[in-house]
Protein chains: 2
Amino acid sequence: MTTESTKNPEPLEAIAVSMTPLQRFEEYLQSKSLRNTEQRKFLIEQVFNRHEHFDADQLMEQLPSKGSANYVSRPTVYRTLREFVDAGLLNRFELDGRSVYEHDYGYPEHDHLYCTKCRKLIEFTSPELLQIRESVAKLHRFRARDHRFIIEGTCDECAKLRSKGRRQDRV
Amino acid sequence: MTTESTKNPEPLEAIAVSMTPLQRFEEYLQSKSLRNTEQRKFLIEQVFNRHEHFDADQLMEQLPSKGSANYVSRPTVYRTLREFVDAGLLNRFELDGRSVYEHDYGYPEHDHLYCTKCRKLIEFTSPELLQIRESVAKLHRFRARDHRFIIEGTCDECAKLRSKGRRQDRV
DNA sequence: ATCGTTGCAAACGTTTTGCATAAGG
DNA sequence: CCTTATGCAAAACGTTTGCAACGAT
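In this text the structure is predicted, and so the values were computed from the model without any measurement. (Residues numbered from 1 in each chain as written. Chains lettered and ligands numbered in written order. Predicted model: local features only at pLDDT ≥ 70, side-chain atom pairs only at ≥ 80, totals over all residues. Heavy atoms only, no water.)

Let's talk about the pairing of strand 5 (residues 121–124) of chain A
Stated precisely, the cut-off is as follows: Only protein chains enter the accessibility calculation, which uses a 1.4 Å probe. A residue is then buried if its area is under 20% of the maximum for its type, exposed if over 50%, and partly exposed in between. In this text, helices come from DSSP runs of H or I with a minimum length of four residues, and strands from runs of E with a minimum of two, each type numbered from the N-terminal end. When DSSP finds two or more bridges between a pair of strands, those strands are recorded as paired.
Taking every second residue as pointing to the same face, both faces of strand 5 of chain A are buried, with Leu-121 and Glu-123 of chain A on one and Ile-122 and Phe-124 of chain A on the other. With antiparallel pairing between neighbouring strands as the criterion, strand 4 (residues 111–115) of chain A and strand 5 of chain A make up a hairpin whose turn holds five residues, including Arg-119 of chain A at a positive phi of roughly 65°.

So this is what it looks like as structure tokens:
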């Protein structure tokens, strides 16, 4: 089977959901008898008003610093990101040795192209990929639960700038 | 992570190559004006007499310890593994936050099923996957150079033991 | 009044680095 | 000889943990 994903390279659209991330998280907290603290509410807001891909450091950078109101400590950021993943709000994967997060709730399944020059992540969808996953799993009697498919290379912009600028090519 | 391909889908066969890994590495060293030291020769031997998937720690464990002949220090192991990757002898990917290596030279391209219960890596090949990679890359004007496709889930053996055994399910 | 949560500091596991010494070419 | 490589110790890196104080229910 060949692969003509017919869509053009446009950003993926958010899909309709019945609850806001905060509502969904509150439900999750209740179901686990966890508490809805100021920090968690604030972080939900920060994370869902933001770009799709980020790591813990990038999130920390956009937060109020140590003296300010709404300051959240680094351990709490890590702990809360993990909860967001558990709650199904965020998706986590590893890139260059650190954890990268993206919206999961209200966002369609997709995979990534990763430009090793500018470190940009480009999303794409491929229904055929899921078919491969299913048939491979079946062949090996494997219960597939998730997958990570990252295509590494050079994006169009970086390829155009390539003639002069010399940088690292491989991860 | 162990590397037992299960009984049914047969393990991938090594493909014919004209040079031994050592020969190829020596060529690489010469081309870069690097030196063919005892440690590097010994590590080539250790790595290519071994299972496919391993991390730096697992390699260290099988090496002679500090007093012995042929002792290789941890920094040298890391430095040398990187060279093996540069030389095209090994392939590196990330799993659970650390680097995992496998034979690249003389070994067919493949991807992995990863059992999150027993941490086993199972190899598979899929020509269709490369077609997807190509068409997605083309669609996004992306120069694809490599990819990582890891399907996570539960292997057959672990699924059979599942009724009583309790362990972590997700990475 | 519980009991989960926070911030702090300190630890963690993996990988890398600076530097003096050793050794390949 | 000249340079690269090694081992050591220590640092770096991203992340996690123990704990006392705090705060939500």
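Topic: the relation of the copies chain B and chain A
Relating one copy of the chain to the other requires a rotation about an axis plus a shift along that axis. The following threshold applies: For this overlay, a least-squares fit was computed on C-alpha atoms, restricted to residues scoring pLDDT of at least 70 in both copies. The criterion used for residue contact is that any of the two residues' heavy atoms lie within 4.5 Å.
For the match of chain B to chain A, the screw axis carries a shift of 0.0 Å, the RMSD comes to 0.1 Å, and the turn is 179°. The relationship between the two copies is best expressed as a two-fold rotation axis. Taking C-alpha positions as reference, the residue of chain B nearest the rotation axis is Phe-149 of chain B, located at 2.2 Å. A share of 96% of interface residues in chain B that are also interface residues in chain A marks the association as one of identical surfaces.

Points about the interface of chain B and chain A
Note the cut-off: By convention, the term buried area covers the 1.4 Å-probe accessible surface removed from two parts as they join, with the contributions of both added. The term salt bridge refers to a side-chain nitrogen of Lys or Arg lying within 4 Å of a carboxyl oxygen of Asp or Glu.
On the side of chain A, 49 residues touch chain B, which itself brings 45 residues to the contact. For the pair chain B and chain A, the two sides together bury roughly 4300 Å², of which 56% comes from carbon and sulfur. At the boundary of chain B and chain A, one finds four salt bridges. Between Arg-148 of chain B and Glu-152 of chain A there is a salt bridge, and its shortest N-O distance comes to 3.1 Å.

Topic: the protein's contact with DNA strand C
The condition is simple: Residues are counted as near a molecule or strand when any one of their heavy atoms sits within 4 Å of it. Polar contacts, as counted here, are pairs of nitrogen or oxygen atoms within 3.5 Å of one another; within protein the pair requires one atom able to donate a hydrogen and one able to accept it, and residues that are adjacent in sequence qualify only if both atoms are side-chain atoms. Only Asp, Glu, Lys and Arg are considered charged, only Ala, Val, Leu, Ile, Met, Phe, Trp, Tyr, Cys and Pro nonpolar, and every remaining residue, Gly among them, polar.
Around DNA strand C, a shell composed of 23 residues is seen, among which Arg-35, Gln-39 and Arg-40 of chain A together with Arg-35 and Tyr-78 of chain B lie nearest. For DNA strand C, the fraction of protein-proximal atoms (within 4 Å) that sit in sugar or phosphate groups is 65%. Measuring from a phosphate oxygen of DNA strand C, one finds a side-chain N or O atom of Thr-76 of chain A at 2.8 Å. Between DNA strand C and Tyr-78 of chain B, the relevant distance is 2.5 Å, taken from a phosphate oxygen to a side-chain nitrogen or oxygen of the residue. Taken together, the elements giving at least two residues each to the surface near DNA strand C come down to helix 2 (38–48) and helix 4 (74–86) of chain A together with helix 3 (56–62), helix 4 (74–86) and strand 3 (98–103) of chain B. Ranked by the residues each element gives to the surface near DNA strand C, the list is headed by helix 4 of chain B, at four residues. Residue classes in the surface near DNA strand C are distributed as seven nonpolar, seven polar and nine charged.

So, helix 5 (residues 127–139) of chain A
Residues and elements named next belong to chain A. We count it as follows: Each helix should span, by expectation, one fewer than its residue count multiplied by 1.5 Å.
Compared with the 18 Å implied by 1.5 Å per residue over 13 residues, the 19 Å span of helix 5 between its first and last C-alpha is a close match. Buried within helix 5 are the following residues: Glu-128, Leu-129, Ile-132, Arg-133, Val-136 and Ala-137. A positive backbone phi angle near 50° is found at Arg-141, which sits one or two residues after helix 5.

So, the pattern of salt bridges
In total, this model carries 20 salt bridges over all chains according to the counting rule given. Taking the shortest distance from any N to any O, the salt bridge between Asp-96 of chain B and Arg-119 of chain B comes out at 2.8 Å. Taken together, the residues span a long stretch of sequence, with Asp-96 of chain B in the loop between strand 2 (90–95) and strand 3 and Arg-119 of chain B in the loop between strand 4 (111–115) and strand 5 (121–124) at a distance of 23 residues. The exposure class of Asp-96 of chain B is partly exposed, given its relative accessible area of 26%. Residue class for Arg-119 of chain B comes out partly exposed when judged on its relative accessible area of 26%. Residue Asp-156 of chain B pairs with Lys-160 of chain B through a salt bridge whose shortest N-O separation is 3.2 Å. With Asp-156 of chain B and Lys-160 of chain B both in helix 6 (residues 156–160) and four residues apart, this pair spans about one turn of that helix. By sharing partners, the salt bridges in this structure join Arg-143 of chain A together with Asp-156 and Lys-160 of chain B into a single network.

Coordinates in, geometry out; function isn't part of it.
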